[in-house]
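Report on the structure
Each chain is listed here by its residues.
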Amino acid sequence: MGEVLEVPAIWIQAAGCTGCSISILNADYPNIKNLLIDEVLPKKHINLRFHPNIMAGQGEAILEVLKETSTEKKGKYLLIIEGAVPTKDNGIYGVIGEREGKPITMLEWIRELSASAMAVAALGSCATFGGIPKARPNPTGCKSVGEILEEYGIKTPYVNIPGCPPHPDWFVGTLASILLMGLPREEDLDELRRPKLFFSQTIHENCPRRAYYDERKFAKKFGEPGCLYELGCRGPVTYSDCPVRMWNGRVNWCVGSGATCIGCCSEGFLDEISPIYVKLEEAEFPKEV
């Protein structure tokens, strides 16, 4: 039996609904037990040290784990950030614990932990692009993780895994790729730092209703056969592999259940693609579609 490499990981939740955590906890292959207890890859094990929903510890003791990891494992741990980052009024609208009787903002934690991490994974549409917390009027001044890293000159490599919520495979696959082959190369990511493995084609390209679009047969109301384009489907401008991967144990997905794609993996989610149930202009389609 050889030595198993323990890879420390910290999962921080900022401004969000916790839906990203729920989605990842529903991973099916490997499942969450395999991820947390077993070796993800031969001789490599994820040591999840901090997760607000599933850790048993609480209070000052668990905050010490954050501090110890950032100092003793500097440059060797993964930082996973779920949720957008409140920045207005020095970030006081989102805090995690206290230091010397004063609240520690999410912004402070993310700046501190990002700077000493091996890599950062921004998980979910709120962390990657701001999502709903950043939508107008954005009263807490929420920003994406990438904006925070850029604003404070933090050079730690990071990858964006969008989705509201993200598919478990997108997270697990990215994690396994980092453990197997190291940090993603620039050519492995698109211009928005999303892994091309999962986000290189539009929903429209692989949609089972695509033939309806090509024949100009459009549904006029929900429940009808036909392409959902005129009902506001954002599949033509949204890059993800939902149609081929599907959700909930590969049972179904949004368009498969009769709903439109709401473009949750897009940079413009939510403000720029709203109102959701209004038809796109074809001029907005990517040229290659």
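Structural notes, computed from the coordinates. In this text, all values refer to a predicted model and were calculated from it rather than measured experimentally.

1. Notes on the overall build of the protein
Counting its secondary structure elements, the protein contains 13 helices and seven strands. Against the globule reference of 19 Å for 289 residues, the protein gives a C-alpha radius of gyration of 20 Å, in line with a compact fold. Expressed as lengths along the three principal axes of its C-alpha atoms, the size of the protein is roughly 60 × 50 × 35 Å. Evaluated residue by residue, the protein yields a buried proportion of 48% over its 289 residues. Once local pairs closer than 6 in sequence are excluded, the contacts in the protein between residues at least 24 apart make up 75%. Within the protein, one finds 31 positive and 37 negative side-chain charges whose respective centroids are separated by 2 Å.

2. With respect to the packing of aromatic side chains
Overall, the coordinates contain eight aromatic pairs when judged by the stated rule. Seen from their ring centres, Tyr213 and Tyr229 are 5.8 Å apart, and the 90° between their planes marks the pair as edge-to-face. Placement of Tyr213 in helix α12 (residues 210-214) and of Tyr229 in the loop between α12 and α13 (242-245) is noted, with a sequence separation of 16 residues between them. Each member of the pair, Tyr213 as well as Tyr229, is classed as buried. Taken together through their ring pairs, the aromatic side chains of Trp170, Phe198, Phe199 and Trp247 make up a single cluster. Across the ring face of Trp109, the terminal group of Arg99 is positioned such that the distance to the ring centre comes to 5.6 Å.

3. Concerning the pattern of salt bridges
Applying the stated rule across the entire model yields 18 salt bridges. A salt bridge links Lys67 to Glu60; its shortest N-O distance comes to 3.5 Å. Where Glu151 meets Lys143, a salt bridge forms, and the shortest distance between an N and an O atom there is 2.7 Å. Note on Glu151: relative accessible area 45%, which makes it partly exposed. Through salt bridges with shared partners, a single ionic network connects Asp28, Asp169, Asp241, Arg245 and Arg250.

4. A word on the environment of Leu5
Note on placement: Leu5 falls in strand β1 (residues 5-13). With a relative accessible area of 47%, Leu5 lands in the partly exposed category. Sequence separation between Leu5 and Lys43 is 38 residues, and the spatial gap between their C-alpha atoms is 5.9 Å. Residue contacts for Leu5: discarding those within four places in its chain leaves Lys43, Lys44 and His45.

Reading the values: rules and limits
- Residues numbered from 1 in each chain as written.
- Predicted model: local features only at pLDDT ≥ 70, side-chain atom pairs only at ≥ 80, totals over all residues.
- Heavy atoms only, no water.
- Helix = DSSP H or I, 4+ residues; strand = E, 2+ residues; numbered from the N terminus.
- Rg over C-alpha atoms; globule rule 2.2 N^0.38 Å.
- Buried < 20%, exposed > 50% of the residue type's maximum accessible area, 1.4 Å probe, protein only.
- Contact = heavy atoms within 4.5 Å.
- Lys, Arg positive; Asp, Glu negative; His and termini not counted.
- Charge placed at Lys NZ, Arg CZ, Asp CG, Glu CD.
- Phe/Tyr/Trp six-rings, centres within 6.5 Å; stacked < 30°, edge-to-face > 60°.
- Lys NZ or Arg CZ within 6 Å of the ring centre and 35° of its normal.
- Salt bridge = Lys/Arg side-chain N within 4 Å of Asp/Glu carboxyl O.

From the geometry alone we can't say anything about function, so treat these as descriptive.
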